Every structure is written in structure tokens, then in C-alpha cells.
Amino acid sequence: MHILWWVILGVFVSGGRVRAYNVSLSLVPQSVVVTFGETASFNIEASGYVSIRFDLQLCWPQDAAMQIESNQTISFVEGWNNHSISLLIEPVKQGRFIVQPWVEPEGVVDDTRLFLLIKVAMFKPLMIISLMVGWAYTACWSAGYYPQIWLNYRRKSVVGLSFDFLYINIVGHISYVVFNVFLYWNTFVEDEYYRRHPFGLNPVIGNDIGFAVHAVFGTGFTIFQCWIYETGGNSVSKPAKAIIVTYLLIIFATMGCAMWNVMHWLDFLYVLSYIKLSTTMIKYFPQAYMNYRRKSTEGFEIMNRLLDLAGGLFSILQMVINAWNFDDWRSIGGDPVKFGLGIFSILFDLVFMFQHYILYRKRSVKVPAELPMLPK
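Residue numbers run consecutively from 1 along every chain, following the written order of its sequence. Totals for whole chains, interfaces and linings use every residue, but because this is a predicted model, local features are given only for residues with pLDDT of at least 70 and side-chain atom pairs only at 80 or more, for both listing and counting. Hydrogen atoms and water are omitted, and side-chain values are computed over all heavy atoms in the structure.

Caption draft 1: Broad picture of the pattern of salt bridges. Criterion for a salt bridge: a side-chain nitrogen of Lys or Arg within 4 Å of a carboxyl oxygen of Asp or Glu. Under the definition given, this model contains 7 salt bridges. One salt bridge connects Glu38 with Lys124, and the closest N-O pair in it is separated by 4.0 Å. On the criterion of sequence distance, the pair formed by Glu38 in the loop between strand 4 (31-35) and strand 5 (40-50) and Lys124 in helix 2 (residues 124-143) is long-range, its members being 86 residues apart. To sort residues, take the accessible area from a 1.4 Å probe on protein chains only and compare it with the maximum for the residue type: under 20% means buried, over 50% means exposed, and anything in between is partly exposed. Given a relative accessible area of 27%, Glu38 falls into the partly exposed group. Assessed through its relative accessible area of 46%, Lys124 is described here as partly exposed. Linking Asp349 and Arg305 is a salt bridge whose minimum nitrogen-to-oxygen distance equals 2.9 Å. Residue Asp349 is found in helix 12 (residues 336-359), and its partner Arg305 is found in helix 10 (residues 302-325); the two are separated by 44 residues along the sequence. On the accessibility criterion, Asp349 (0% relative accessible area) is buried. Of the residues examined, Arg305 reaches a relative accessible area of 4% and is grouped as buried. Via salt bridges that share partners, Glu192, Arg195, Arg196 and Asp267 belong to a single interconnected network. By the criteria applied, helices consist of DSSP H or I runs no shorter than four residues and strands consist of E runs no shorter than two, each listed in order from the N terminus.

Right, dumping it as C-alpha cells:
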């Protein structure tokens, strides 16, 4: 019985010093959004047995950016601690803050993920507008696949649509799905992400997975149409095949490194995310070049690009609204790759619009439709 009791307590003696790790502390929720004029609440939840008494001191950031309506020092007694302590906070400064409690004595609990991210907005109506804008660009990007699908169905033809664009695009979308799914659901990968980003939250949410899966469906269905409708002799070009083969070699090589513990699985997922980014940068060139060679945009649905343009503008608008409302302009500069790719996509949308409405508005196809985008 005594042995069982010691196992339950989980007390380890090292060098004459008692260390206990059988109690877990967490802040729930870990991210709080609040505006001026209102208070926000969060809980400090304890679970487990602690062999010594310890205190938890809440350290507020940046010269008392927050006011708290409870004692900042919370004591935990020796024994079982299975309870939740509610605290109310009232912001006095706009911005983004991290509250990290301090535990005394050190080593009693694992406090590497014991923090609270607080985002303080200036106006609540702007938060609602930002949410609406977010749904607007999601709807635009999601609906953007169907005008091309409908056009192909009406014409029973995919002549004028670049196969290179589609196949490079689906490689990027599948890579993005795998990245999101594993980072969102795999605890092993998520723990490694937290180890590298102690004050970071999981960047993937459920909507990201749904959006990525829908992108694979939309692109995949369009590729299916390329198999059953008239193609005019068009096919995937040799340069595009070389690009796709290069991507596959990189994927299998890095996957093998992860399987043999040469690199962490999180790094493999990062490789997939870089592939997604690179496909976004190169996938538009084939379609733009095909339009140029054919001197026509017939067969390429411009509504697809109009919806993509609207989605991109809404996305940037949301970033600007949030940056101003939370006084966090670093949120834009903090992810220059994402912001830059958004601008890059918008520029290509403008190129396609220029081709469709100005350059080739009344011109007939002078180059045979079966000419591929690039030499086979």
C-alpha cells in the first residue's frame, strides 16, 4: 500500500531535493479578445497532486496594461488540487499582450505553456466588421472554382484552360491539406511546434482544413473535366511535369528523413507549406502565357479571377482593420510571405483582367487551340 501511495504521488528525489510534476496548471481560455469598456474573464485550472506548497504570481505586461479585480498572488497548498479559479481583467491599453505567470518555487510545475494572450481592441463594431469581411473573402475564394467548372460543362470542352496551372495548383493544395491536418490533429507535431514557439498558439483552425479540402475538391473536379471533355490536344507540358516531379522528389526525400529521425516531422510539414507557397508563385504563369500565345481568353472563365481578386482585397482589408483596431501593425509585417503572396495573386488577377477586357477582347484565336502552353 505504501508503494502504491508513492507511485500515485509521483515524488522524485534527486540530490536531496524534492521535485513534483504531478500537478498541471492551465489558463482557460489561452487567448482572450476584449475591447475597452468591458471586462474579460479567464480561469486558472489546477489538476493533480502537489507535494509542496507553491505560489503563482500573475505578471502583467507593459506598465500595468491590464487591471485585475482579484489578488494577483494565488497560493496552492500541498495535496490534491482539482479546482478552477476565475479572474476578471479590464484592459487599460490597446494592443496585444502576453501574461506569463511566475511560479515559486521553480520546478514545481511545467510552466512552459502557462501564458495568456490578450488582444485589446479599440472598437467592438470593428471586430464585427472584420468577422464579416473574413467570411466575405472565404466565400469569394470558395466560390471561385465553380464558374470555370460551369463553363467547362456548358462548352463540353476545356480548350483554353492551362493544364499546367491545374496540376501545379493541386500539388500545392494537397500539400496544404496535409500540413493543416497534421498540425491541427497530431499531438506529437503540435507539441514540437509549442516547443519552438513557447508563446505561440496553433496557427491552424478548423476552417483552414475545410477551406483546403474544398480547394482540392474544386481543382480535382476541374482536372476530372479535362479527362472527359474535349481538350484540343492540350496536355501537361514537359516543364510543368519537371516541376511536379521535383516537388514529389522533395516530398519523398524529406518524408524519408522524418521517418529515419534525421529531421522532425514538423520540419517535413514546413517543407509542404513551402511547396504550397512556391506553387502559388508559379501557377499563374502558364495560364497567362497560354492566353498570350492564343491571343484569346476564350475557355478561361474570368469570373474565377474576379472572385479571387475580391477575396484578396477583402483579406487585405481585414488585415488593415485588425491592425488598426488592435494597434498591432506588426501583424502585417510579421508574416511578409503571406502578405506578399496575397499581393502577388492580386497582380496576376489584374493581368488576366487586362488580357480579357482589353488586349484580347475582340480578337479571335490565331494560334491553334491544341497548342500547349509550353513545348511538350
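Caption draft 2: Representation of the sheet that holds strand 11 (residues 95-99) in the model. Strand order across the open sheet formed by 3 strands is 4-13-11, with mixed pairing between neighbours. Two strands close off the open sheet at either side, each with one partner strand: strand 4 and strand 11. If you compare each strand with its neighbour and ignore which way they point, the axes differ by 20° on average. In the sheet, strand 11 pairs with strand 13 (residues 116-121) via 5 bridges, with the strands oriented antiparallel. Residue pairing for strand 13: Gly95 is matched across the bridge by Val120. Pairing between two strands is assigned when DSSP locates at least 2 bridges connecting them. For helices, the axis comes from a line fit to the C-alpha atoms of the stretch in contact; other axes are also lines fit to C-alpha atoms, and the angle between any two N-to-C directions lies between 0 and 180 degrees.

Caption draft 3: Geometry of the nonpolar core. In this description, a nonpolar core means a group of buried Ala, Val, Leu, Ile, Met, Phe, Trp, Tyr and Cys residues linked to one another through side-chain atoms lying within 4.5 Å. In this structure, Leu183 and Phe352 are the most contacted members of the largest nonpolar core, which totals 37 residues. Looking at this core, the elements with two or more residues in it are helix 4 (163-185), helix 5 (187-196), helix 6 (206-228), helix 7 (238-259), helix 8 (265-282), helix 9 (284-294) and helix 12. The element best represented in this core is helix 4, accounting for 8 residues. Whether two residues are in contact is decided by their heavy atoms: any pair within 4.5 Å suffices. Every residue in contact with Phe352, bar those within four places of it in the chain, is listed here: Tyr284, Gln287, Ala288, Asn291, Phe300, Ile302 and Arg305.

Caption draft 4: Region of interest: the confidence of the model for the chain. Looking at any residue, its pLDDT shows the predictor's confidence there, from 0 to 100. Averaged over every residue, the pLDDT of the chain is 83; residues scoring 70 or more account for 85%. Segment residues 1-20 is flagged for pLDDT under 50; beyond a separation of four residues in sequence, or across chains, it makes 19 contacts in the model. Segment residues 366-373: pLDDT under 50, and 19 contacts once partners within four positions in sequence are set aside and those in other chains are kept.

Caption draft 5: Highlighting the environment of Glu45. Within the secondary structure, Glu45 is located in strand 5. For Glu45, a relative accessible area of 30% translates into the label partly exposed. Remark: the alpha-carbon pair of Glu45 and Ser86, spanning 41 residues in sequence, is separated by 8.7 Å. With residues up to four places along the chain from it excluded, the contact list for Glu45 reads Ser24, Leu25, Ser26, Val28, His83 and Ser84.

Caption draft 6: The sheet that holds strand 6 (residues 54-57), seen in detail. The strand order 8-6-12 describes an open sheet built from 3 strands, whose pairing is antiparallel. Only two strands of the sheet have a single partner each, and these edge strands are strand 8 (73-76) and strand 12 (102-104). Averaged over all adjacent pairs, the angle separating strand axes in this sheet is 20°, with direction ignored. Here strand 6 runs beside strand 8; their pairing, made up of 4 bridges, is antiparallel. Within strand 8, the position partnered with Leu56 by the bridge is Ile74.

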